[in-house]
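One-letter residues, chain by chain:
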Amino acid sequence: MKKVLIFVTNHGTLGDTDEANGTFAPELTHALDVFLKADVYYDLASINGGKAPLYGTDIEDDEVNARILANEEFQKRINNTLVASKVSLDDYDAIFYPGGFGLLSDLATDETVAMLSARHYENGGILAAVCHGPAGLLPITLSDGQKLLENTVVTGFTREEEVDYGTIDKIPFLLEEALARAAKQYRKGQPWAEQVIEDNRVITGQNPASAHAVAAALVKQLAI
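Cut-offs and rules
Residues numbered from 1 in each chain as written. Predicted model: local features only at pLDDT ≥ 70, side-chain atom pairs only at ≥ 80, totals over all residues. Heavy atoms only, no water. Helix = DSSP H or I, 4+ residues; strand = E, 2+ residues; numbered from the N terminus. Buried < 20%, exposed > 50% of the residue type's maximum accessible area, 1.4 Å probe, protein only. Contact = heavy atoms within 4.5 Å. Pairing = 2+ DSSP bridges. Axes fitted to C-alpha atoms, helices over the stretch in contact; angles between N-to-C directions. Core = buried A, V, L, I, M, F, W, Y, C linked by side-chain atoms within 4.5 Å. Phe/Tyr/Trp six-rings, centres within 6.5 Å; stacked < 30°, edge-to-face > 60°.

(A) Structural detail: the environment of Val196. Along the polypeptide, Val196 turns up in strand β10 (residues 196–199). Val196 gets classed as partly exposed once you look at its relative accessible area, which sits at 27%. Between the alpha carbons of Val196 and Gly102 there is a distance of 22 Å; along the sequence they are 94 residues apart. Among residues more than four places away in sequence, those in contact with Val196 are Ile203, Thr204, Gly205, Ser210, Ala213 and Val214.

(B) Quick look at unusual backbone geometry. The backbone of Asp39 shows a phi angle near 60°, a positive value even though the residue is not glycine. Tracing the chain through its elements places Asp39 in the loop between α1 (25–37) and β3 (41–46). Non-glycine residue Asn200 carries a positive phi angle of around 55°. As for its position among the elements, Asn200 is in the loop between β10 and β11 (202–205). With a relative accessible area of 53%, Asn200 lands in the exposed category.

(C) Spatial organisation of the environment of Thr57. Tracing the backbone shows Thr57 in the loop between β4 (54–55) and α2 (63–69). By relative accessible area, which is 43% here, Thr57 ends up partly exposed. Expressed as a C-alpha distance, the spacing of Thr57 and Ala25, which sit 32 residues apart in the sequence, is 5.8 Å. Beyond its immediate stretch of four places on either side in the chain, Thr57 contacts Ala25, Asn65 and Leu69.

(D) Representation of the sheet that holds strand β5 (residues 82–83) in the model. Read from one edge to the other, the open sheet built from seven strands follows the order β5-β3-β1-β6-β7-β11-β10, with strand pairing classed as mixed. This sheet does not close on itself; its edge strands, each paired only once, are β5 and β10. When strand β1 (residues 3–7) meets strand β6 (residues 94–97), the two strands line up parallel, connected through three bridges. Note that in β6 the partner of Leu5 across the bridge is Ile95. In the packing of α1 onto the sheet, contacts are made with β1, β3, β6 and β7 (126–130), and the angle to β1 comes to roughly 175°. Taken strand by strand, helix α4 (residues 111–122) contacts β1, β6, β7 and β11, and its axis lies near 140° from that of β6.

(E) Fine view of the nonpolar core. Ranked by internal contacts, the top residues of the largest apolar core, which has 73 residues, are Ile6, Phe7, Phe35 and Tyr97. Residue contributions to this core peak at seven residues, all from helix α7 (residues 211–222). For Tyr97, the residues in contact, after removing those within four places along its chain, are Phe7, Leu103, Leu107, Val113, Ser117, Ala128, Ala129, Val130, Gly133, Gly136, Leu137 and Ile140.

(F) Expanded view of the packing of aromatic side chains. Overall, the coordinates contain eight aromatic pairs when judged by the stated rule. Here Phe7 and Tyr97 contribute two aromatic rings whose centre-to-centre distance is 5.6 Å and whose plane-to-plane angle is 50°, an arrangement assigned as tilted. Placement of the pair is Phe7 in strand β1 and Tyr97 in strand β6, with a sequence separation of 90 residues. Like Tyr97, Phe7 is buried. Aromatic pair Phe157 and Trp192: ring centres 5.5 Å apart, planes at 70°, arrangement edge-to-face. Separated by 35 residues along the polypeptide, Phe157 in the loop between β8 (153–154) and α5 (159–165) and Trp192 in the loop between β9 (185–186) and β10 bring together distant segments of the chain. For Phe157, a relative accessible area of 3% translates into the label buried.

Structure (structure tokens):
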């Protein structure tokens with residue numbers, strides 16, 4: 001059975017504000033729905049371990065989100081995430097970063113998780129991320145000293161989408177700008193439309209609408 005290690009944030013607010021935040025639930029649940037239907041096993045890990053904050057848990061007419069959130073096994077895992085530094089990478093075939101603004105305040109700069117992802121990638125593993133999740137790819141430095149993104153084409157949440165969502169003045173940094181500076185190339189499609197980029201073993205999606213497709217692309221690569 002294939003396994004995916006999912007890194008989620010411990011940061012429970014939107015930047016330095018007091019607005020509740022964390023991982024955006026639908027980007028996690030819609031990916032998990034794809035994984036579980038493909039018999040892909042998963043674990044949830046965070047920098048500190050323990051309960052990981054979620055938002056977007058009460059979205060109307062999202063059957064997938066509601067069903068996964070109500071799952072007893074999922075609740076056990078999201079409330080008891082593994083400590084990232086204690087995880088054995090040999091157990092996993094891929095790493096996935098769901099989005100959410102919380103990640104901009106911890107995983108976007110955490111060297112421990114970045115080192116784990118670098119090692120995983122250099123050992124032939126797959127890295128995938130959606131929406132703000134690609135921020136987790138920014139600190140990844142490979143063993144030759146080169147940044148992962150220097151030779152990688154990516155996408156991620158856009159400036160237009162930040163404006164639409166009302167978060168442009170609240171976020172720690174603008175992801176589009178950071179990715180455009182760090183990556184070989186940053187691409188974006190229409191705001192809120194599905195957009196997925198696959199560049200070798202790095203898969204990125206632009207926004208929440210891309211979560212299902214990112215997970216499907218990951219499952220397809222796992223089957224190769």
